[in-house]
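Working through the structure, step by step
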Amino acid sequence: MNTAFRLFWMFLKIGLLSIGGGYAIIPLIQEQVVKRSGSISPKMFTDIITISQMTPGPLAVNTATFVGIQIGGIVGAVAATLGCVLCGVIICLFLHRFFQKHKESSYVFEVLKGLKSASLGLIISAAVTIISIAFWGTQALEIKNVISLMNWTALAVFSIMLLVLRKWKLNPVLVMLISGMAGLVLYL
Amino acid sequence: MKNRNTHLWLLAVNLFISTFTFGGGYVVVPMVRRFFVWKKRYFTEEELMDMAAVAQSAPGAIAINLSALAGYHVAGMTGVLISCIAAVLPPLLILGIVSAFYTAFISNAVAAAVLKGMEAGVAALMVDLVADMCALIIKERSLFLTMMIPAAFLANFFLHINVALILIVCCFFCIVQVFRRKRGTK
């Protein structure tokens, strides 16, 4: 019970402090789980990140589950996951209701509009990172390597998928399955 | 009966989205758009963008926050509960299995090939979504809002400025904007 509560508390803090989601939370989890409590070794932490990228689900939830299982078994995993999502969901609902209620206020209206634009900019940032990893296998690309490191297979799969998406609005899950199969055929 | 069907649909669709959303985060937005906006018409593309902005501005995992908001729209607090449980269940189960023999999984060539292929698929999904959303904002014909997109992108991608700070500065600019306009009309 004690371990479960400790995990819940640790991930409640991580969940509360991680604004922006995705890769923004990696340093936070590292600080709490690897450096401060020492529950997980640095090598294992890198592995967790890799596994999180390979498996479905948000990074935060995946890491919480993984760390939770390692430290406190199934109960630990559930406690850590719950802690990780609780604050976000509550604050999110609160914000949403607040915006809905005060939609007539020109301040709230404009702020929401601005947040929409800014978060689209952040989505683009995430998209560019994903493209960079898919095409060049790295996040830190240099201009002189654009051609030499280019994965032409990935570019081909990307282009075909994008064409199909724009033209026929194909189901995203189907896109994932087809591109996964393409990977199996082309890379193995 | 209709209520129960809605709840079941919400449970199924969230389990489905969560199982097939590799990488989490914004990849769920095109999925939610597909099922909630296009198929069932529970809310509009405009509202989805409102929700994405709120999910982004609140702490925690964006994917879970967005699922919770979508669930709230469809079935109130019950919807939130169903969506959240359904959204965390697949990663919980999969990671539970994977963590048992994680070294074997990491070095598996088949898994690596499938995932490499999926990376390109995810990239295409993101570009498709971004194109539609940019069109929505540019349609508003506000230079201020349109410029906010590249500004936030540059600040985050090239200058590595903290997301929370970007959002706070954005709010500040919006408030100044309204303030100036109000003074102008007086």
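An unreviewed UniProt entry annotates chain B as Chromate transporter of Faecalicatena orotica. Its UniProt record, at the heading Subcellular location (unreviewed entry), says of chain B: "Cell membrane".

Labelled according to an unreviewed UniProt entry, chain A appears under the name Chromate transporter, originating from Faecalicatena orotica. What UniProt records for chain A under Subcellular location (unreviewed entry) is the sentence "Cell membrane". You can read under Sequence similarities (unreviewed entry) in the UniProt record for chain A the words "Belongs to the chromate ion transporter (CHR) (TC 2.A.51) family."

Scanning chain B for helices and strands turns up 8 helices and 0 strands. When the helices and strands of chain B are listed from N to C terminus, the series reads α-α-α-α-α-α-α-α. Structurally, chain B occupies a C-alpha span of about 65 × 50 × 25 Å along its principal axes. Counting over 186 residues, chain B shows a buried share of 53%. Contacts spanning at least 24 positions in sequence make up 53% of the contacts within chain B whose residues lie at least 6 apart.

Attention now moves to the UniProt feature "transmembrane region" (unreviewed entry) in chain B. Under the UniProt annotation, "transmembrane region" (unreviewed entry) lies at residues 6-32, 80-105 and 158-179 of chain B. As annotated, residues 158-179 of chain B comprises 77% helix and 0% strand, and the C-alpha atoms at either end are separated by 30 Å.

Relative to the helices and strands, Thr81(A) is located in helix α4 (residues 59-101). What makes Thr81(A) buried here is its relative accessible area of 3%. In sequence terms Thr81(A) and Gly68(A) are 13 residues apart; their C-alpha atoms lie 7.9 Å from each other. In this structure, Thr81(A) is in contact with Val61(A), Ala64(A), Thr65(A), Val88(B) and Leu92(B), ignoring residues within four places of it in sequence.

It is possible for side chains bearing opposite charge to pair when their charged atoms get close. Per the counting criterion, the structure on display carries 10 salt bridges over all chains. Where salt bridges share partners, they join Arg166(A), Arg33(B), Glu45(B), Asp128(B) and Asp132(B) into one cluster.

Moving on to the interface of chain A and chain B. The interface of chain A with chain B comprises 83 residues on the first partner and 94 residues on the second. The junction of chain A with chain B conceals about 8,400 Å² of combined surface from both sides, 78% of it contributed by carbon and sulfur atoms. Linking chain A to chain B there are 6 salt bridges. Taking the shortest distance from any N to any O, the salt bridge between Asp132(B) and Arg166(A) comes out at 3.0 Å. Run the count over chain A and chain B and you get 12 residue pairs in polar contact (both at pLDDT 80 or more). Elements supplying a minimum of two residues to the side of chain A that touches chain B: α1 (2-17), α3 (42-54), α4, α5 (106-136), α6 (152-168) and α7 (172-187) of chain A. Of all the elements, α5(A) adds the most residues to the side of chain A that touches chain B, at 26 residues. Taken together, the residues that form the side of chain A that touches chain B break down as 50 nonpolar, 25 polar and 8 charged.

Residues and elements named next belong to chain B. Here helix α2 (residues 28-39) is 12 residues long and its end C-alpha atoms lie 15 Å apart, about the 16 Å a rise of 1.5 Å per residue gives. Counting buried positions over the 12 residues of α2 gives 10, a clear majority of the element. For α2, the full list of buried residues reads Val28, Val29, Pro30, Met31, Val32, Arg33, Arg34, Phe35, Phe36 and Val37. Count one or two residues on from α2 and you reach Arg41, which has phi positive near 55 degrees.

Reading the values: rules and limits
Residues numbered from 1 in each chain as written. Chains lettered and ligands numbered in written order. Predicted model: local features only at pLDDT ≥ 70, side-chain atom pairs only at ≥ 80, totals over all residues. Heavy atoms only, no water. UniProt positions renumbered as here; feature names shortened; annotations may be inferred. Helix = DSSP H or I, 4+ residues; strand = E, 2+ residues; numbered from the N terminus. Buried < 20%, exposed > 50% of the residue type's maximum accessible area, 1.4 Å probe, protein only. Contact = heavy atoms within 4.5 Å. Salt bridge = Lys/Arg side-chain N within 4 Å of Asp/Glu carboxyl O. Buried area = accessible area lost by both parts, 1.4 Å probe. Polar contact = N/O pair within 3.5 Å; in protein donor to acceptor, adjacent residues only side chain to side chain. Nonpolar A, V, L, I, M, F, W, Y, C, P; charged D, E, K, R; others polar. Expected span 1.5 Å × (residues − 1).

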